[in-house]
Amino acid sequence: MKRILNMCWMVFIIMLFSASKNKASAQVEASVSYQTFYNDLSPYGEWIDYPEYGYVWHPDINDFRPYSTGGHWVWTDGYGWMWASDYDWGWAPFHYGRWLYDDFYGWVWVPGYEWSPAWVEWRTGGDYYGWAPLGPGIDISLNFSFGRYSPPYNYWCFVPRNYILSPRVYDYCLPQSRNTIIINNTTVINNYYRSGNVFVTGPGRSEVERYTGRINPFVLRESSRPGRPEFRRNTVSIFRPSVQRNENRVAPRNFERYNGQNGNAFQRREQDIANNNGERRNGFERRDQNNGRVEQRNNNNVFERRQQEINRQQEQSANEQRRNGNPFERRQQNISRDNNTRRQQAEQKNNFEQQQRENGNAERRQNEMRQQQEIRRQQLEQQNDIVREQRENRNVFERRQNEMRQQQEQRNNFDRRQNEMRQQQEQRNNFERHQNEMRQQENQRIQQMRQQQQQEQRRQVDQQRQNNGFERRQQQFNQPSQQQSGNPFQQRQEQSQGNGNGKGRGHGRHD
């Protein structure tokens, strides 16, 4: 029986282990491929066949900066700083692959296989925290050091340290025009490590809490469907699938061929720059550009028509030569044909030079427009910097004023308490003084009463003595007459009686 029970326990433990293993395997992660990236991100942007990195993705968002717009930083247990995106497609481009900046398309995303809470590099110093997206081709190995990798200055985003946890951290990002100065006054945070084969980096939690106060950490959970992160109390759920490494080449259904000299791409970049500066081109500028494109097409059409006319004339002259057999006429025709050809070539050259001049004027106008837009953008950034600095100075001034008011109130409260304590002390002193005076008066009364009693006693004693002396003298005065008139025995009795009346000063001797 005991053996059967042991076997049952072993079978139960094996079943539990297998069930937990199956449950764990079911909760590990979903599996996707690059085709999932191509399909899920196509509605939110365009795919480009890039010459160095294959298919890259550009989001259709104006003034977009990765790890800056549409999201914020959260601290997670085990994985440190994680970027929580507000975009529905943010589960992929901010946690897989890398970002790079193209002069024509702007920020484009290069897909990758490995997941991380954020593929960024950090800097600190001068009361600022900064981060920059890691570019493609950066291999994070054991001997890697961020000190040897330097992202361009326009990759960085710097914020004051006390705003690093703000839900709208992009509102506190400093202008890119100040990045160079801040980079020179900050140092790279090189404390990256791997937690569960996941790349983790950023400032330490205890260091950040000195500037922001206590940080509420989140526990990272895996979500079953793509989308933006979901926050519930102290947990954050995010779609974190594993990416399959397919050997067969897959491609987006719709993509654009990359060409650095593509006019359409150039015009689109110009329009994006104008939108980023918050300015819209007026109808005159659009008409000017449209007229330039129409003139260029018309000039091309004129040149083609002239070429066709020349070819047609040459064919007609050749037919005429074949019909005419006179050598002199053929020579004249050849001379006239050569003259016409030279004249047409000269006209074509003049038209081409004129077209080049017009194109140069159009390019000059576009350069002037770009310069004006750049000047407006710089002025707008300067105004924004001034407004932000004024706001910060105003906030600092108001904080200081509030602190001074609080300190003044504390001083007033302290002075009030001191005055109350002084008044209470004075009242105690007055009460003690009054008590002392009353004690002194009482002592004086007691002394006076004692003196009066002593004086009364002395007066009574003196009076008694005086009375006793008067009686003795009276007795002494009466004794001789009694001795003369009475017998001796009777005189002795009277004398003894007289001594008795003298308050017992002695008894007479009886013979």
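Residues numbered from 1 in each chain as written. Predicted model: local features only at pLDDT ≥ 70, side-chain atom pairs only at ≥ 80, totals over all residues. Heavy atoms only, no water.

For the chain, the helix and strand inventory stands at eight helices and 18 strands. Accessible area of the chain: about 35000 Å², with a carbon and sulfur share of 45%. (Helix = DSSP H or I, 4+ residues; strand = E, 2+ residues; numbered from the N terminus. Areas by Shrake-Rupley, 256 points an atom, 1.4 Å probe, with all protein chains shown as cover.)

Turning to the pattern of salt bridges, a few remarks are in order. Enumeration over the complete set of coordinates arrives at 13 salt bridges. For arginine 205, the salt bridge is made with glutamate 209, and the minimal N-O distance between the two is 3.1 Å. Linking arginine 205 with glutamate 209, this pair stays in helix 4 (residues 205–212), spanning four residues, or about one helical turn. Taking the relative accessible area as the measure of exposure, arginine 205 reaches 26% and is therefore partly exposed. For glutamate 442, the salt bridge is made with arginine 445, and the minimal N-O distance between the two is 3.2 Å. Placement of the pair is glutamate 442 and arginine 445 together in helix 7 (residues 327–485), with a separation of three residues, close to one helical turn. The class for glutamate 442 is partly exposed, based on a relative accessible area of 40%. When salt bridges with common partners are traced through the structure, they connect Glu374, Arg377 and Glu381 into a single cluster. (Salt bridge = Lys/Arg side-chain N within 4 Å of Asp/Glu carboxyl O. Buried < 20%, exposed > 50% of the residue type's maximum accessible area, 1.4 Å probe, protein only.)

Next up on the list: the confidence of the model for the chain. Taken over all residues, the pLDDT of the chain has a mean of 78, while the share at 70 or more is 71%. The secondary-structure element of the chain with the lowest mean pLDDT is helix 5 (residues 263–276), recorded at 42, while strand 10 (residues 157–160) shows the highest, at 96. In the model, residues 261–300 has pLDDT below 50 throughout and makes 42 contacts with residues more than four positions away in sequence or in other chains. Counted against residues more than four places away or in other chains, residues 502–511, with its pLDDT under 50, gives nine contacts. (pLDDT = per-residue confidence, 0-100. Contact = heavy atoms within 4.5 Å.)

Moving on to the packing of aromatic side chains. Under the definition given, this model contains 39 aromatic pairs. For the ring pair tyrosine 34 and tyrosine 113, a centre distance of 4.8 Å and an interplane angle of 15 degrees mean the geometry is stacked. Here tyrosine 34 is found in helix 2 (residues 34–41), whereas its partner tyrosine 113 is found in strand 7 (residues 106–115), with 79 residues between them in sequence. Under the relative-accessibility criterion, tyrosine 34 is labelled buried at 16%. Lying over the aromatic face of tryptophan 156, arginine 123 brings its terminal NZ or CZ to 5.5 Å of the ring centre. Above the ring of tryptophan 115, the side-chain terminus of arginine 240 is found at 4.3 Å from the ring centroid. (Phe/Tyr/Trp six-rings, centres within 6.5 Å; stacked < 30°, edge-to-face > 60°. Lys NZ or Arg CZ within 6 Å of the ring centre and 35° of its normal.)

Attention now moves to the state of the cysteines. One pass over the full model with this rule turns up one disulfide. Each sulfur of the disulfide joining cysteine 157 and cysteine 173 lies 2.4 Å from the other. Sign of the S-S torsion, about -70 degrees for the bond between cysteine 157 and cysteine 173, identifies this disulfide as left-handed. In this pair, cysteine 157 is assigned in strand 10 and cysteine 173 in the loop between strand 10 and helix 3 (179–184), connecting sequence segments 16 residues apart. Relative accessible area serves as the criterion here: at 7%, cysteine 173 is assigned to the buried category. (Disulfide = S-S within 2.5 Å.)

If you walk across this open sheet you meet the three strands as 14-16-15, and the pairing is mixed. Of all the strands in the sheet, the pair left with one neighbour each is strand 14 (219–223) and strand 15 (230–232). Sheet twist, expressed as the mean angle between neighbouring strand axes with direction ignored, is 30 degrees. Relative to strand 16 (residues 235–239), strand 14 is paired through five bridges, and the arrangement is parallel. Paired with serine 223 across the two strands is phenylalanine 239, which belongs to strand 16. (Pairing = 2+ DSSP bridges. Axes fitted to C-alpha atoms, helices over the stretch in contact; angles between N-to-C directions.)

The next point concerns the environment of serine 33. Take serine 33: it is sitting in the loop between strand 1 (31–32) and helix 2. Counting along the chain gives 208 residues from serine 33 to proline 241, while the straight-line C-alpha distance between them is 9.4 Å. Setting aside residues no more than four positions away along its own chain, serine 33 makes contact with Val243, Gln244 and Asn246.

Another point: the nonpolar core. Formed by 70 residues in total, the largest nonpolar core has its most connected members in Phe37, Tyr67, Trp73, Trp109 and Trp131. Per-element tally for this core: the top contributor is strand 7, with five residues. When near neighbours in sequence (up to four residues on either side) are disregarded, tryptophan 131 contacts Tyr67, Ser68, Trp73, Val120, Glu121, Trp122, Tyr155, Trp156, Cys157, Val159, Ile164 and Val169. (Core = buried A, V, L, I, M, F, W, Y, C linked by side-chain atoms within 4.5 Å.)

Tracing the backbone shows serine 116 in the loop between strand 7 and strand 8 (120–125). In this structure serine 116 comes out as buried when scored by relative accessible area, which is 0%. Within the structure, the side chain of serine 116 is placed 2.8 Å from the backbone oxygen of phenylalanine 199, a separation counted as a polar contact. (Polar contact = N/O pair within 3.5 Å; in protein donor to acceptor, adjacent residues only side chain to side chain.)

Read from one edge to the other, the open sheet built from four strands follows the order 10-9-8-11, with strand pairing classed as antiparallel. In the strand order of this sheet, the two ends are held by strand 10 and strand 11 (187–189), each with one partner. The average undirected angle you get between the axes of adjacent strands in this sheet is 30 degrees. As defined by bridge partners, strand 9 (residues 128–133) adjoins strand 10 across four bridges and the pair is classed as antiparallel. When the sheet's bridge partners are listed, glycine 130 is paired in strand 10 with phenylalanine 158.

Looking now at the pairing of strand 6 (residues 96–102). In terms of residue burial, strand 6 counts as a mostly covered element, since six of its seven residues are buried. By the bridge criterion, six bridges tie strand 6 to strand 7 in an arrangement that is antiparallel. By the bridge assignment for strand 7, arginine 98 is matched with valine 110.

As a further point, take unusual backbone geometry. Of note, tyrosine 67 is a non-glycine position whose phi angle comes to about 60 degrees, a positive value. Mapping tyrosine 67 onto the fold places it in the loop between strand 3 (54–59) and strand 4 (71–76). If you check the backbone angles, aspartate 127 has positive phi at about 65 degrees while not being a glycine. Tracing the backbone shows aspartate 127 in the loop between strand 8 and strand 9.

Moving on, we get to the side chain of asparagine 179. If you trace the backbone, asparagine 179 turns up in helix 3. Within the structure, asparagine 179 has its side chain in polar contact with the backbone oxygen of tryptophan 156 (distance 3.1 Å). Non-local contacts of asparagine 179, meaning those with residues more than four positions away in its chain, are made with Tyr153, Asn154, Trp156 and Phe158.

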